[in-house]
Amino acid sequence: MTPSASSSNPSSNHSPNASPARGAAAGDLPPDHPLRAAVRKAVDDVRAATPLAQSFTNFVTINLVANAQLAAGGTAAMSFLPDDVLDTAAIAGATYVNVGTLLPFYGDALADIARGLHDLGRPWVLDPVAAGIGATRTAILESFRDVPPNVVRGNASEIIVLDRLWGLGGGEAGDRTRPAGVESVDDVESAAAAARRVARHLASRSPDGRGTVAVSGAIDLVTDGERDYRLPGGSAMMTKITGAGCSLGGVTATYLAVADPLTAALAASLHFNRAAETAAASAQGPGSFQTAFLDALWNTTAERIAASPILA
Ligand SMILES: Nc1ncnc2c1ncn2[C@@H]1O[C@H](COP(=O)(O)OP(=O)(O)OP(=O)(O)O)[C@@H](O)[C@H]1O
Ligand SMILES: Cc1ncsc1CCO
Ligand SMILES: [Mg+2]
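Residues numbered from 1 in each chain as written. Chains lettered and ligands numbered in written order. Predicted model: local features only at pLDDT ≥ 70, side-chain atom pairs only at ≥ 80, totals over all residues. Heavy atoms only, no water.

- Per an unreviewed UniProt entry, the chain goes by Hydroxyethylthiazole kinase and derives from Bifidobacterium phasiani.
- Recorded in UniProt under Catalytic activity (unreviewed entry), the annotation for the chain is "5-(2-hydroxyethyl)-4-methylthiazole + ATP = 4-methyl-5-(2-phosphooxyethyl)-thiazole + ADP + H(+)".
- The UniProt entry for the chain carries this comment under Sequence similarities (unreviewed entry): "Belongs to the Thz kinase family." (UniProt positions renumbered as here; feature names shortened; annotations may be inferred.)

So, in structure tokens, the structure goes:
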């Protein structure tokens, strides 16, 4: 189906010459580019190995996160206590942390979990949902600064705020944006500089020197701080189901269980975009779209995901 919100959706434009981004002279990566082989391998490896990625996530979308991880080929486990999360981290391929809904004990718990994951050297993905709203969430996100994740996945407003909270050089006078609840009020391109700064910060704190930020929106942006990759397509129907972003974060953790941060973020975002296009073609509205989307996550081939437009 074609929702009215998709009139500006570039999903039908898969041309290598698709307008990439403000000021960027980007072209599609060639078919033999190593990143395409890495993405294809990650998709195959998840389906072969069914890796566990655990989640500490919000209670609005927790079921969709688990189901998307299963449909992508992984397995799920949800945990909220530091001892439970850190014991599970030892056997999980990666951990997903989402700060969408907070409870009083989360402040201490999440600071302990981030420190523990760092000390154990276990990879994790942060989804800084609603960054900038509430002193408790701000304190939690600030506590991650020195023991940060390997991947940050969020919408544009969340990435802009995280850059500011971590004092990475953004936050010019007057730049006081924050999400409207969990929704972005900024477009992806306005978060590009912040995304690069956050990615470089992640890399600087990681023993392997790698870190990646994925900014979701009409054209997703994935950056390792050195190079930007723009991923057109998907469906605006994704904004009509709750948890599209949360489940993308969970599936990014699934891919992080088998791949490096950049490959994991690319594979998850590309997988979501292709599955969303398939789902939109048959859905009658948000309910059937969510069902069709899970089916499409399951059925989309590694070849199709790896052949996606990747503008760099
Ligand atoms: N206009 C759009 N056109 C195509 N795809 C979109 C559009 N907006 C969002 N998406 C896709 O939806 C998914 C979730 O991105 P979004 O930016 O909505 O996350 P979010 O705001 O964190 O969502 P939530 O917090 O509600 O789970 C991504 O795969 C993204 O590519
Ligand atoms: C609606 C909502 N509220 C807190 S988290 C969440 C899910 C989308 O991020
Ligand atoms: Mg979100």
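That covers the picture; the talk isn't over yet.
### Quick word on the UniProt feature "binding site: substrate" (unreviewed entry) in the chain
Item 1. The positions that UniProt labels "binding site: substrate" (unreviewed entry) are, in the present scheme, Met-78 and Gly-243.
Item 2. Looking at where Met-78 falls in the secondary structure, it is placed in strand 2 (residues 75-78).
Item 3. Residue Met-78 is classed as partly exposed on the basis of its relative accessible area of 24%.
Item 4. Among residues more than four places away in sequence, those in contact with Met-78 are Ser-55, Thr-57, Ile-62, Val-65, Ala-66 and Gln-69.
Item 5. Relative to the elements of secondary structure, Gly-243 occurs in the loop between strand 8 (228-231) and helix 8 (244-256). (Helix = DSSP H or I, 4+ residues; strand = E, 2+ residues; numbered from the N terminus. Buried < 20%, exposed > 50% of the residue type's maximum accessible area, 1.4 Å probe, protein only. Contact = heavy atoms within 4.5 Å.)

### Considerations on the site of ligand 1
Item 1. With respect to spatial proximity, 20 residues lie near ligand 1, and among them Arg-153, Asn-155, Ser-216, Asp-220 and Gly-245 are the closest.
Item 2. The separation between an oxygen atom of ligand 1 and a polar side-chain atom of Asn-273 is 3.3 Å.
Item 3. Its free accessible area being 630 Å², ligand 1 has 89% of it covered by the protein chains.
Item 4. Those elements that place two or more of their residues in the shell around ligand 1 are strand 5 (151-155), helix 8 and helix 9 (261-282). (Near = heavy atom within 4 Å. Polar contact = N/O pair within 3.5 Å; in protein donor to acceptor, adjacent residues only side chain to side chain. Areas by Shrake-Rupley, 256 points an atom, 1.4 Å probe, with all protein chains shown as cover.)

### Regarding the site of ligand 2
Item 1. As a matter of local geometry, ligand 2 sits amid Asn-58, Val-60, Thr-61, Gly-100, Thr-101, Val-129, Val-182, Thr-242 and Cys-246.
Item 2. Alone, ligand 2 offers 280 Å² of accessible surface; in the complex the protein occludes 74% of this.
Item 3. When its residues are assigned to classes, the shell around ligand 2 shows four nonpolar, five polar and no charged. (Nonpolar A, V, L, I, M, F, W, Y, C, P; charged D, E, K, R; others polar.)

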